[in-house]
Amino acid sequence: MIKCITFDLDDTLWAVDPVITHANNTLYGWLDEHAPEFTRQHTVSDFPALREQVLEAYPETAHSVTLIRLRQLEIGLRQAGYGEAEIEKLVPRAFDIFLAARNEVTFFPHVKDMLSALKQEDYRIGALSNGNAEVGRVGLGEWFDFALNAHMVGHEKPHPAMFEKMLASEQLKPAEVIHIGDNPDHDVAGAQQLGIRTIWVNLQQQAHKTGETADQVVTCLSEVFDAVAAIRARG
């Protein structure tokens, strides 16, 4: 019996690229006001290069977009000439500004109706994300019973750690869970390696061999409820 439905978040329930663009621009505007030497030294388009510097200097942070962002701010501010005491004060404030904007999302069509329909069937609903969006802050808290992300777990999907943590903490067996996500490698292959059944959210209707091995494939979130029912019917 299926007891729990887990969802990826970014690019499954909303498009992430415009969210990150907005969050970067919001952060940059805040830095221009509160740390103007940063914006004299860097443009908003320098954030990816700063990210690469973080990954080179701190490879142990690669699983966590939160740790990467914090280090990115530290490095950028240091390069702009700020001292360690100033950096210590500025980084958490800047990150709070970024994270607030990062949680301003526009849902794909049918998200809330789909979640409501699943909830009415008494499924437990969880989030398993490599990102740092928060279901409560984006406006989906009433539907989700739990949420895990790569920063919390210490590994990003498709590493099995996030799925294993979910199974252990929620006291579930793999056969009792369906995982739903847009990424064939992170979501479909990642869940399948533990025996968790999967639904590939293929909104762009792309061809992908791994994605197509999912138990069900949907091209619109309005199809998710029936896809879950089809998996459940097969037992």
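Please refer to the structure higher up on the page.
Residues numbered from 1 in each chain as written. Predicted model: local features only at pLDDT ≥ 70, side-chain atom pairs only at ≥ 80, totals over all residues. Heavy atoms only, no water.

(A) Seen up close, the sheet that holds strand S4 (residues 177–181). Reading across the sheet, the six strands line up as S3-S2-S1-S4-S5-S6 and stay open at both edges, with parallel pairing between neighbours. Strand pairing shows two members of the sheet lacking a second neighbour, strand S3 (146–149) and strand S6 (216–218), which therefore form its edges. Neighbour to neighbour, the strand axes of the sheet diverge by 20 degrees on average, direction disregarded. Across three bridges, the pairing between strand S5 (residues 197–201) and S6 is parallel. Residue pairing for S6: Trp200 is matched across the bridge by Val217. (Pairing = 2+ DSSP bridges. Helix = DSSP H or I, 4+ residues; strand = E, 2+ residues; numbered from the N terminus. Axes fitted to C-alpha atoms, helices over the stretch in contact; angles between N-to-C directions.)

(B) Examining the layout of surface pockets more closely. Within this model, the largest pocket holds a volume of roughly 740 Å³. Around the largest pocket sit 31 residues that line it, and Val16, Ile20, Arg51, Val65 and Arg102 are the ones nearest its centre. When contributions to the lining of the largest pocket are tallied by element, the ones reaching two or more residues are helix H1 (16–34), helix H3 (47–57), helix H4 (65–79), helix H5 (84–102) and helix H10 (184–192). Split into classes, the residues belonging to the lining of the largest pocket amount to nine nonpolar, ten polar and twelve charged. Its volume calculated, the second largest pocket comes out at about 150 Å³. As for the second largest pocket, its lining consists of Asp11, Phe108, Asp182, Pro184, Trp200, Val201, Asn202, Leu203, Gln204, Gln206 and His208. Grouping the constituent residues of the lining of the second largest pocket by class yields five nonpolar, four polar and two charged. (1 Å grid on protein atoms, 1.4 Å probe; cavity = no way out; pocket = protein on both sides within 12 Å on 5 of 7 lines; lining within 4 Å. Points joined across faces, edges and corners; volume = space filled by probe spheres on them. Nonpolar A, V, L, I, M, F, W, Y, C, P; charged D, E, K, R; others polar.)

(C) Representation of the pattern of salt bridges. Tallied over the entire structure, the rule returns eleven salt bridges. Residue Asp215 pairs with Arg234 through a salt bridge whose shortest N-O separation is 3.4 Å. One end of the pair, Asp215, is in the loop between S5 and S6; the other, Arg234, is in helix H11 (residues 224–234), and 19 residues separate them in sequence. Of the residues examined, Asp215 reaches a relative accessible area of 27% and is grouped as partly exposed. Residues participating in the shared-partner salt-bridge network are Asp8, Lys157 and Asp187. (Salt bridge = Lys/Arg side-chain N within 4 Å of Asp/Glu carboxyl O. Buried < 20%, exposed > 50% of the residue type's maximum accessible area, 1.4 Å probe, protein only.)

(D) View of the pairing of strand S2 (residues 124–129). Of all six residues that make up S2, five are buried, and the element is covered over most of its length. Where strand S1 (residues 4–7) lies against S2, four bridges are found, and the strand directions are parallel. When the sheet's bridge partners are listed, Cys4 is paired in S2 with Arg124. As judged from the four bridges shared by S2 and S3, these two strands associate in the parallel manner. Each residue of the ladder has a partner; that of Leu128, found in S3, is Leu148.

(E) Spotlight on unusual backbone geometry. A cis amide bond links Lys157 to the next residue, Pro158, at an omega of 15 degrees. Structurally, the position occupied by Pro158 is in the loop between helix H8 (150–153) and helix H9 (161–170). If you check the backbone angles, His110 has positive phi at about 80 degrees while not being a glycine. Topologically, His110 is positioned in the loop between H5 and helix H6 (111–120). A relative accessible area of 38% places His110 in the partly exposed class. Its identity is not glycine, yet Gln205 carries a phi of approximately 55 degrees, on the positive side.

(F) Representation of the packing of H4 against H5. One way to put it is that H4 packs onto H5 with a least axis distance of 9 Å and a crossing angle of 135 degrees. The angle between the axes of H4 and H5 places the two elements in the oblique class. Helix-helix and strand crossings are classified by hand; for H4 and H5 the assignment is right-handed. Across the interface between the two elements, Thr66, Arg69, Leu70, Leu73, Glu74, Leu77 and Arg78 from H4 touch Glu84, Ile87, Leu90, Val91, Ala94, Phe95 and Phe98 from H5. For the contact of H4 with H5, a count of residues per class yields nine nonpolar, one polar and four charged. (Parallel < 35°, antiparallel > 145°, perpendicular 65-115°, else oblique. Left-handed = near helix turned anticlockwise from the far one by under 90°. Contact = heavy atoms within 4.5 Å.)

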